[in-house]
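# Observations on the three-dimensional arrangement
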Amino acid sequence: MRVCIFLIIDGLKLEAQACLLLPSLRRHLGDTVSVIAYRRKDVTTPLQPVTEQVLRACNVKLREIPGTGPDDPNPWREPYPIGNKILAASDRRDCDISVFIDTDMVFTGPFDFAKVLGSAKIAAVVSDYSTMSNDEEGWTAFYAHFGLPLPEQRVTLLKGRELTSLPYFNAGMIIFRETIGPQKRRFGAEWLADTLRFDHEVSYPYIRANLDQLTLPITATRLGYPVKPVPNTFNHNLQGHGDPVETNPSLLHYHTFGVLWSHEARGRAALEDLQNILEGQSLESFYDSFMAVLKRKRLKKLM
């Protein structure tokens, strides 16, 4: 199975995150996967030199996000930066399995994506919480808009009261087969089409920031292949769950630099991975390029 990981690197913050993520990826996964970093076409600011260096050293291809040129119409009802990952998911990649990961992550162990996916078509970690629009009335309205009954699948949310919910997943890490079913439908393109339709047509109130997570199980249900829930170790929310003692996650989702630096062992490991990629050069170029977003007070404790 040819596996391709893709991520978004638009803006200074995401570039800085990528400089930590990509070296950790190559240390733990080696050359077992290909990697694509997507960037909007209409961005005119050049990448930081240290970012370019990390991309080269980690053998990462740079691509433009489809439909984001300066003359392309905005497909969203209103600005939706999270939608960049769905636009990127719709791109054609020469692989069997695609994996989207948020850029605010670091690998801390090996990860066999094909094995984790198994015979399923789509896989993700269950969300920590529901949202106010994720009650049964809301889900009924959402699925009905696509001519679908509620699915039989239920999941147990990972935080709070650990409620039983209709399928709802953290979209920070999604594993999916590039083509699905006998008609070889492209999941990324189907997900984008459903999300745009939801964005423009659904009137039942919902939190727009969660649009990606609301549509993910709907697309999976419509295609006839429910999302496979996978263990939290494959998208561990460091901010929400802390650093686990019993298990060693393969992928940490730290969300903010301050959280990563506050877990000193994890922060130092990420910086060491970057240092190794820079081949003995000082980390000063990283600090100087991204100091505005790195949460300096907490970072100083690691230096």
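In this report, the structure presented in the accompanying data block is examined. Within each chain, residues carry numbers counting from 1 in the order of the written sequence. Given that the model is predicted, a residue must reach a pLDDT of at least 70 before its local features are reported, and side-chain atom pairs must reach 80 or more before they are shown or counted; all residues, however, enter totals for whole chains, interfaces and linings. Hydrogens are left out, water is left out, and the side-chain values use all remaining heavy atoms of the structure.

### Notes on the packing of helix 5 (residues 136-145) against helix 7 (residues 211-223)
Stated precisely, the cut-off is as follows: Lines fitted to C-alpha atoms define the axes, with helix axes restricted to the stretch in contact, and inter-axis angles between N-to-C directions lie between 0 and 180 degrees. By the criteria applied, helices consist of DSSP H or I runs no shorter than four residues and strands consist of E runs no shorter than two, each listed in order from the N terminus. Any angle from 65 to 115 degrees is called roughly perpendicular, while one under 35 is roughly parallel, one over 145 is roughly antiparallel, and all others are oblique. If you view the pair so one helix is near and one far, a crossing is left-handed when the near helix is turned anticlockwise from the far one by less than a right angle, and right-handed when it is turned clockwise. In what follows, residue pairs with any heavy atoms lying within 4.5 Å of each other are defined as contacts. As a working rule, the residues Ala, Val, Leu, Ile, Met, Phe, Trp, Tyr, Cys and Pro are called nonpolar, Asp, Glu, Lys and Arg charged, and the rest polar, with Gly in that last group.
Taken N-terminus to C-terminus, the directions of helix 5 and helix 7 make an angle of 50°; their axes are 10 Å apart at the nearest point. When the interaxial angle is binned, helix 5 and helix 7 end up oblique. Like other packed secondary-structure pairs, helix 5 and helix 7 cross with a definite hand, here right-handed. For the pair helix 5 and helix 7, the contacting residues are Trp 139, Phe 142 and Tyr 143 in the first and Leu 214, Pro 217, Ile 218 and Thr 221 in the second. A per-class count over the contact of helix 5 with helix 7 returns six nonpolar, one polar and no charged.

### Overview of the pairing of strand 6 (residues 122-126)
We count it as follows: A 1.4 Å probe rolled over the protein chains alone gives each residue an accessible area, and that area as a share of the maximum for its type sets the label: buried under 20%, exposed over 50%, partly exposed in between. In short, DSSP must find at least two bridges between two strands for them to pair.
Within strand 6, five of the five residues are buried, leaving the element largely enclosed by the surrounding structure. Two elements, strand 6 and strand 9 (residues 169-177), share four bridges in a ladder whose sense is antiparallel. Within the sheet, the bridge partner assigned to Val 126 lies in strand 9 and is Phe 169. One ladder, built from three bridges, connects strand 6 with strand 12 (residues 228-230); its direction is parallel. Bridge pairing links Ala 123 to Lys 228 in strand 12.

### A word on the sheet that holds strand 1 (residues 3-8)
The seven strands lie next to each other as 3-2-1-4-9-6-12, forming an open sheet whose pairing is mixed. Among the strands making up the open sheet, the edge pair consists of strand 3 (60-65) and strand 12. Neighbour-to-neighbour, the strand axes of this sheet turn through a mean angle of 30°, independent of strand direction. Relative to strand 4 (residues 97-101), strand 1 runs parallel, the two sharing four bridges. Considered in strand 4, the bridge of Phe 6 is made with Phe 100.

### Some points on the pairing of strand 1
Here is the rule: Seen with its strands pointing away from the viewer, a crossover is right-handed if its path from the first strand over the helix to the second goes clockwise.
Here strand 1 lies mainly inside the structure; six of its six residues are buried. Residues of strand 1 alternate between two faces, with Val 3, Ile 5 and Leu 7 on one and Cys 4, Phe 6 and Ile 8 on the opposite face, all of them buried. Bridging between strand 1 and strand 2 (residues 34-40) involves five bridges; their strand directions are parallel. In the strand pairing of strand 2, Cys 4 is matched with Ser 34. In this region the chain leaves strand 1, passes through helix 1 (residues 11-29) and returns to the parallel neighbour strand 2; the handedness of that crossover is right-handed.

### Notes on the packing of aromatic side chains
The line we're drawing: Here a Phe, Tyr or Trp ring, Trp counted by its six-membered ring, pairs with any other such ring whose centre lies within 6.5 Å, and the pair is stacked when the planes are under 30 degrees apart, edge-to-face when over 60, and tilted otherwise. When the NZ atom of lysine or the CZ atom of arginine is within 6 Å of a ring's centre and also within 35 degrees of its normal, the charge is said to sit over that ring.
Tallied over the entire structure, the rule returns 22 aromatic pairs. The rings of Trp 139, Phe 142, Tyr 143, Phe 146, Tyr 168, Phe 198, Tyr 204 and Tyr 206 are connected pair by pair, giving a single aromatic cluster. The residue whose ring lies beneath Arg 93 is Phe 6, and the NZ or CZ to ring-centre distance is 4.1 Å.

### Regarding the environment of Leu 166
Mapped onto the fold, Leu 166 is located in the loop between strand 8 (164-165) and strand 9. Here Leu 166 falls in the buried class, since its relative accessible area comes to 5%. Taking the C-alpha atoms as reference points, Leu 166 and Val 125, 41 residues apart in sequence, are found 14 Å from one another. Excluding residues that lie within four positions of it along the chain, Leu 166 makes contacts with Trp 139, Leu 150, Pro 151, Gln 153, Arg 154 and Val 155.

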